[in-house]
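Inside the fold
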Amino acid sequence: MILMHDIVRDGDPVLRKVAKPLSFPLSDEDKKFAEEMMEYLVNSQDPKIAEKHQLRAGVGLAAPQVGRSIQMAALLVPNNEGEIIFKEVFVNPKIISESVRQACIAEGEGCLSVDQDIEGYVPRPDKLKIHYYTVDGEEKTIRLKDYPAIVASHEIDHLNGHLFYDRINKENPFNLAEDTVVIS
């Protein structure tokens, strides 16, 4: 079981590396790791389990955040009512195309690897087309928009050595393009 002490914190060099692609079939160790990353997200979104194990809630977790520089990320995205609207483990994900229109989360973004609050809007593409593989090696291409696209972009950034605050406008953290979709 992955716990908060297993999450690598900002400043660790693994978070700034470009993660290595995986080859198929995945090893049993890599498959188990994918299950453990998803289990962390499920547990972190359950108030009782999260409190018991002192887990910070997460909607995504990338392998580098657990100290492994490999192209794998788990996503468990709920809607405002708490119903899961997207659940997947990406292996070797690539963004094929993205919208010009940007989106951001009204209260800004957070990250399990970043302990302090960093204020500012984090503009990301509102729509993404992503090519990836499942843990079983099935090739998929999907389109995501709004909140699921933001979460996917955040996790894929981790696989490329970027953190969310790299996208915040340094001079004016609350400046947005006129047609930006702000998600509350």
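Keep in mind that this is a model prediction, so the values were computed, not measured.

As for the environment of S69
Inspection of the secondary structure assignment puts S69 in the loop between strand 1 (60-62) and strand 2 (72-78). Distance from S69 to E98, taken between C-alpha atoms, is 25 Å for residues 29 residues apart in sequence.

Considering the sheet that holds strand 1
Strand order in the open sheet formed by five strands is 1-2-3-6-7, with antiparallel pairing between adjacent strands. Edge strands, defined here as strands with exactly one partner in the open sheet, are strand 1 and strand 7 (139-145). Across the sheet, the mean angle from the axis of one strand to that of its neighbour is 40°, orientation sign disregarded. Here seven bridges tie strand 6 (residues 127-133) to strand 7, and the two strands are oriented antiparallel to one another. Within the sheet, the bridge partner assigned to K129 lies in strand 7 and is R143. Taken strand by strand, helix 1 (residues 28-44) contacts strand 1, strand 2 and strand 3 (84-98), and its axis lies near 25° from that of strand 2. Sheet strands in contact with helix 3 (residues 147-159) are strand 1, strand 2, strand 3, strand 6 and strand 7, and its direction is about 160° off that of strand 2.

Concerning the side chain of H131
The residue H131 is located in strand 6 in this model. Since its relative accessible area comes to 18%, H131 is described here as buried. There is a polar contact of 2.6 Å between the side chain of H131 and the side chain of E139. Excluding anything up to four places from it in sequence, H131 contacts N92, P93, K94, I96, E139, K140 and T141.

Considering the UniProt feature "active site" (unreviewed entry) in the chain
The UniProt record marks E155 with the feature "active site" (unreviewed entry), using the residue numbering of this structure. Among the secondary structure elements, E155 is positioned in helix 3. In contact with E155, other than residues within four places in its own chain, are G60, L61, A62, Q65, A73, A74 and L75.

A look at helix 1
Helix length check: helix 1, at 17 residues, gives a terminal C-alpha distance of 24 Å against a target of 24 Å (1.5 Å per residue), a fit within 8%. Within helix 1, the full set of buried residues consists of D30, F33, A34, M37, M38, Y40, L41, N43 and S44. Buried residues along helix 1 sit against helix 2 (47-53), strand 1, strand 2 and strand 3.

Here is what the cut-offs are and how they apply
Sequence order as written defines residue numbering, which begins from 1 separately in each chain. In keeping with the model being predicted, local features are shown solely for residues with a pLDDT of at least 70 and side-chain atom pairs are shown and tallied solely at 80 or more, while totals for entire chains, interfaces and linings include all residues. Side-chain measures were taken over the full set of non-hydrogen atoms in the model, leaving aside hydrogen atoms and water. Helical segments are the DSSP runs of H or I of at least four residues, strand segments are the runs of E of at least two, and each set is numbered from the N terminus. One requirement defines pairing of two strands: DSSP has to find at least two bridges between them. Orientation is described by lines fitted to C-alpha atoms, with helices fitted over the stretch in contact, and by angles between N-to-C directions that extend from 0 to 180 degrees. It only takes one pair of heavy atoms within 4.5 Å for two residues to be counted as in contact. Each residue's exposure class comes from its accessible area (1.4 Å probe, protein chains only) as a fraction of the maximum for that residue type: buried when under 20%, exposed when over 50%, partly exposed otherwise. Two N or O atoms count as a polar contact when they lie within 3.5 Å, although within protein this holds only if one can serve as hydrogen donor and the other as acceptor, and sequence-adjacent residues are included solely when both atoms are side-chain atoms. UniProt positions are given in the numbering used here, feature names are shortened, and annotations may be inferred rather than shown by experiment. Expected span, for any helix, means 1.5 Å times one less than how many residues it has.

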